[in-house]
Amino acid sequence: MIKEPQANHNSRKSVSTTGSLKLKSNKLPITKALEAKVSRLLASAPSSPKLQAVTPEIQETIDKCARRSKSCLEGGKIRCTITSERLAQLKKNVENAVRDHRIFSIKGGWPVIRRELTKRNFIEKFEHGHKQRYNTEDVTSNLPVRQDWESPANYVEKCERTVMSRMLSAYDCDFYWSMRKEPSDLQHRGNGYKLINRFSRSVFASKEGLTLLLQQSYWYSEDNVANINFPRCYVLGFPDHYNLFLDDFHVTACMGVLKWFTERYEQKKEVHSMEGTIPHMAFNFAMERCAEYIARQRHQDIDKEFSRVWDHEWEQFLGFFYSVVHHNELFADFKDKLLSNYAEAKIRLKEMAKHWPQYDLDGMRNIWILKPGNKCRGRGIQLVKNIGEVERVLTQKIKYVIQKYIERPLIIYKTKFDIRQWFMVTNVQPLTIWMYRDSYLRFSGQMFSLENFHESLHLTNHAVQCRYANGHQRDKALPDDNMWDCHSFKAYLKQIGNFDKWSQVIFPGMRQSIVCAMLASQDTMDRRPNTYELYGADFMLTEDYTPWLLEINCSPDLSSSTSVTSRLCSQCMEDIIKVIVDRRKDPNVDTGLFDLIYKQNYPRTPPYLGMNLSVRGRKIFRQRPRKPDDKEMREKGHFPHRLKARKSGEFIRTEMLGDARAANALPDLYSGPVFEDLIEKLNKTIYEADSGIHFVLPEAQNPIQQEATKKKLPSSRGDRVPKFSFSRHKINPKPSLSRKPNGSENIKPTNHRRSTRSSVPIARRNYFGLFRKFISRNQDHYSQPLNSWEKETFSILKSESLLSKSQSSKSGNVADNKSFLKSVPCLNLPTFDLNKLLPEIKSNINNA
């Protein structure tokens, strides 16, 4: 409550929660406790005639008490008194706000945002440079002073907000609003759960960034969803952009000459005369350049090379262009070719319109607009019409963009205007865009004309127009503050008979342009969650009511500068809180004039199933053989080294799981195939092309074969011992068997780096194994002795190089062959036709 002092200064009045104060005229208020303390200090001081001055200790105590009492009275101003009951209630409100995450901080004024958040039981925390905790006495001291223009209720509310803000000094805010980038914003962005009204970067909000991003906008075009109209624009800081601008400028000038010629002829104005100063070559030059451009668009330049146009030729033509278009000079007399030249120019322009997307936008004067890349409010913008003015800004440190000026805009009462449209991005991944239903028009203060390049005619920004007075010749139907809302514009369209243009062309066009621009900029935007931002897009309408996007501004002006903005801006800020705060709790809540125009649909990521393959095999390891003693080996007729060589290739295979047990061991989700004996298959594949031929003598003649048969050693080609023995740490070479021409065996260890290989190919070395299998299958069909088989097949074996040099000697002795063939592991070899056998052998080799 507020206590007002009476006229009598000697009266006492209670205005503090800590105690009553004595108010005396022209003196600081002193409490009873302070008087008692001063008295004690004076009594304890030593008696001295010089004790007239106050000691430092006493002065410090007096200053401390004075600082506390300063919150109650200062300069005759009225101060607030907060009772203990009210202080407890404020503390409870603070605790509820901390629990419900309803703490906000605002940089700047923004009374509408503060009011709307306070309605929703949010408590404001004033920004301080550091976090500190206040005790009960500190939160109620040094309260703000009531100003003369403040009402008692507003003053009490201000003091209570100050007290609650001090109670929240140790807590972080949950909602942060700031329209300017400051270094202190970084500490707020560290908390991902905090709502912030600005993205850290918005590249598209600068003229340079928007120009570069919209070069790839055609990838994001979609019918009735995303489609943008953006006047062609180039960044002059890049050499390739400047070269593209020169080509564009030249072709636009050529079209300007043809447009000037055809329009004046149709309007029955003079285009040539006997005193004309412009030669016919300027008209022909423009016709040829347009024809070359059409040919390139039709890809006719692949097989045809056009003549090069030099820089001095372009300079000469541009001089003729300025004289014709800007100064209305006439061509020399065409004589009888005037009608034919008009027809040719009309056809050429019609073909150009098919390949020039912004044909209707250009006009004929070839005017461009220069804009600083990172400035706003119309600062530094100028109109140019020749190359020299563009080259002058290239030497400046500021990077400029140059954009084609819309020479044929839609004008209202002969005055140029543009449209400011608000939209808000509340999420980047997935992209979520809200568009405001209402917008407003900004008019120029002067009548539109292309003869004068002054900014008051062509720049409709309110920051520019407020510096100039409106023209006297301007129509009185236009507003004095140069602004219309969209409803006034709809009424004007209805008046001229185009009421449906807003709902069918203008508003849908602006919506699609915003969506396309945001899709093209999505990769460069800040992906921080719980972040949103309001943007202002500027559109210009052409004569066919098509909206063209000029630029996008971050931190748009929301001040009450005019009667239109005072209503729209406050309503827009209220609707922002509805979308950001209210909709987080209730998706069906009213969002005011904000409409959700686009929400990116991300398909749900399917669970990864893959192939879910399972491999089932048998564990293979090598069994270390028991080393027998020499006596045992001699009794069995074996040599120790031979037995060791035989056992070194033996494997122990564990029992393979059955199908039923394997299915139970596999996961329940799996229903695919089970690969059995994978390890065995790989082992067989690796040792399919084994080196060396393992010959085994019959049991009756070879004791080693008998021992190997008892121990079930592999003896056939299909069960051949692998080349290497696999251990845990290293690979050991396998002992190999080699046969001498006389039939005796030698067992010697071989190195895996230099293994003993036969000189014959692998396919021919496998011949005897296949032959043995063939004999075992067809033993009953052959009964002729071995000698007859030897005679019939000696020449074939010799041609296949199956015999060694010692066996196939120069004499071709049958006896030598007979001694070699005795080593074949068969007791009785029948006679057969080898010519019929070889095709089967070759097919088996290929299948193997």
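(A) Quick look at the overall build of the protein chain. Assigned secondary structure in the protein chain consists of 29 helices and 25 strands. By residue count, 44% of the 848 residues in the protein chain fall in the buried class. Accessible surface, the protein chain: about 48,600 Å² in total, of which carbon and sulfur atoms supply 51%.

(B) Inspection of the sheet that holds strand S8 (residues 368-372) at higher detail. The strand order across the open sheet formed by four strands is S5-S10-S8-S9, and the pairing between neighbours is antiparallel. The sheet is open, and its two edges are formed by strand S5 (233-235) and strand S9 (382-384), each paired on a single side. Within the sheet, the average angular offset between the axes of one strand and its neighbour, ignoring direction, is 25°. Of the strands in this sheet, S5, S8 and strand S10 (400-404) are in contact with helix H9 (residues 239-266), which crosses S5 at around 145°.

(C) Quick look at the sheet that holds strand S4 (residues 195-196). With parallel pairing, the four strands of this open sheet are ordered in space as S2-S1-S3-S4. Edge positions in the open sheet fall to strand S2 (123-124) and S4, since each of these has one partner strand only. Here strand S3 (residues 175-177) runs beside S4; their pairing, made up of two bridges, is parallel. Its bridge partner being in S4, Tyr176 is matched across the sheet by Ile196. Packing against the sheet, helix H4 (residues 111-119) makes contact with strand S1 (103-106), S2 and S3, and its axis sits at approximately 175° to S1.

(D) Here's a closer look at the pairing of strand S13 (residues 440-443). Neither face of S13 is left uncovered, since the one carrying Tyr440 and Arg442 and the one carrying Leu441 and Phe443 both have all their residues buried. Sheet topology places strand S11 (residues 417-427) next to S13; four bridges connect them, and they run antiparallel. Bridge pairing in S13 links Arg420 to Tyr440. Judged from the three bridges that link them, S13 and strand S14 (residues 483-485) form a sheet pairing that is antiparallel. If you follow Tyr440 over to S14, its bridge partner there is Asp485.

(E) Spotlight on the packing of aromatic side chains. Following the criterion strictly, the structure yields 36 aromatic pairs and no others. Between Trp177 and Tyr532, the aromatic rings sit 6.5 Å apart at their centres with planes inclined by 45°, giving tilted as the arrangement. Residue Trp177 is located in strand S3, and its partner Tyr532 is located in the loop between helix H18 (500-521) and strand S15 (533-541); the two are separated by 355 residues in the primary sequence. For Tyr532, a relative accessible area of 2% puts it in the buried group. Here the aromatic cluster, defined as three or more aromatic residues joined through ring pairs, consists of Tyr413, Phe417, Phe443, Trp484, Phe489, Tyr492, Trp502 and Phe507. The aromatic ring of Tyr359 is capped on one face by Lys259, whose charged end is 4.2 Å from the ring centroid. For Arg289, the ring lying beneath its charged end belongs to Phe285, and the centroid distance is 4.6 Å.

(F) The arrangement of the pairing of S15 in detail. With nine of nine residues buried, S15 lies mostly within the body of the structure. Judged by which residues are buried, S15 turns out to be covered on both faces: Glu533, Tyr535, Ala537, Phe539 and Leu541 on one side and Leu534, Gly536, Asp538 and Met540 on the other are all buried. Pairing of S11 with S15 involves seven bridges; the strand directions are antiparallel. Pairing of Phe423 across the sheet is with Tyr535, part of S15. With seven bridges connecting them, S15 and strand S16 (residues 547-554) associate as antiparallel partners.

(G) Layout of the pattern of salt bridges. Under the counting rule described, the total for this entry stands at 29 salt bridges. Linking Asp595 and Arg437 is a salt bridge whose minimum nitrogen-to-oxygen distance equals 3.0 Å. Here Arg437 lies in the loop between strand S12 (432-436) and S13 and Asp595 lies in strand S17 (residues 594-599), a separation of 158 residues in the sequence. By relative accessible area, which is 37% here, Arg437 ends up partly exposed. Three or more residues joined by partner-sharing salt bridges are found here, namely Arg115, Glu116, Lys119, Arg120, Glu574 and Asp582.

(H) Structural view of the confidence of the model for the protein chain. Averaged over the protein chain, the pLDDT score is 74; the fraction of residues at 70 or greater is 63%. Looking at the elements of the protein chain, mean pLDDT is at its lowest for strand S22 (residues 724-726), recorded as 38, and at its highest for S12, recorded as 96. Considering only residues more than four positions removed or in separate chains, one finds that residues 71-76, a stretch of pLDDT under 50, has 14 contacts. Here residues 797-832 scores under 50 on pLDDT; set against residues more than four positions off or in separate chains, the count is 58 contacts.

(I) View of the environment of Thr81. Relative to the helices and strands, Thr81 resides in the loop between helix H2 (56-69) and helix H3 (84-99). Assessed through its relative accessible area of 11%, Thr81 is described here as buried. Distance in space between the C-alpha atoms of Thr81 and Cys159 is 9.1 Å, their sequence separation being 78 residues.

(J) The arrangement of H4 in detail. Looking only at H4, the buried set comprises Val112, Ile113, Arg114, Glu116 and Leu117. Those residues of H4 hidden inside the fold are in contact with S1, S2, S3 and helix H19 (563-585). Once H4 finishes, Asn121 follows within two positions and takes phi at roughly 65°, a positive value.

(K) Just unusual backbone geometry, in detail. Cis geometry marks the peptide bond from Gln429 to Pro430; its omega dihedral reads 0°. Structurally, Pro430 is set in the loop between S11 and S12. A positive phi is found at His101, a non-glycine position, where the angle reads about 55°. Mapped onto the elements of the fold, His101 is located in the loop between H3 and S1. Under the relative-accessibility criterion, His101 is labelled exposed at 53%. For Asn482, which is not glycine, the phi dihedral falls at a positive 60°. Looking at the element boundaries, Asn482 is found in the loop between helix H16 (462-465) and S14.

Here is what the cut-offs are and how they apply
- Every chain is numbered on its own, with residues counted from 1 as its sequence reads.
- For this predicted model, a pLDDT threshold of at least 70 governs which residues receive local features, and a threshold of 80 or more governs which side-chain atom pairs are given and counted, while totals over whole chains, interfaces and linings are taken from all residues.
- As a rule here, side-chain values cover all heavy atoms of the structure and leave hydrogens and water aside.
- Only DSSP runs of H or I reaching four residues or more are called helices, and only runs of E reaching two or more are called strands; each is numbered from the N terminus.
- Each residue is placed in one exposure class: buried if its accessible area under a 1.4 Å probe, protein chains only, is under 20% of its type's maximum, exposed if it is over 50%, and partly exposed if it falls in between.
- All accessible-area figures derive from a Shrake-Rupley calculation using a 1.4 Å probe, and residue coverage is judged against the displayed protein chains alone.
- Should DSSP find at least two bridges between two strands, the strands are taken to pair.
- Each axis is a line fitted through C-alpha atoms, and for a helix only the stretch in contact is used; angles between axes span 0 to 180 degrees, taken between their N-to-C directions.
- What makes two residues a contact is simply this: any of their non-hydrogen atoms within 4.5 Å.
- Working definition: a ring pair exists when centres of Phe, Tyr or Trp rings (six-membered ring for Trp) sit within 6.5 Å. Plane angles under 30 degrees give stacked, over 60 give edge-to-face, the rest tilted.
- For a lysine, the NZ atom is tested; for an arginine, the CZ atom; a charge sits over a ring if that atom is within 6 Å of the ring centre and within 35 degrees of the ring normal.
- Between Lys or Arg on one side and Asp or Glu on the other, a salt bridge is scored when a side-chain nitrogen of the former is within 4 Å of a carboxyl oxygen of the latter.
- Looking at any residue, its pLDDT shows the predictor's confidence there, from 0 to 100.

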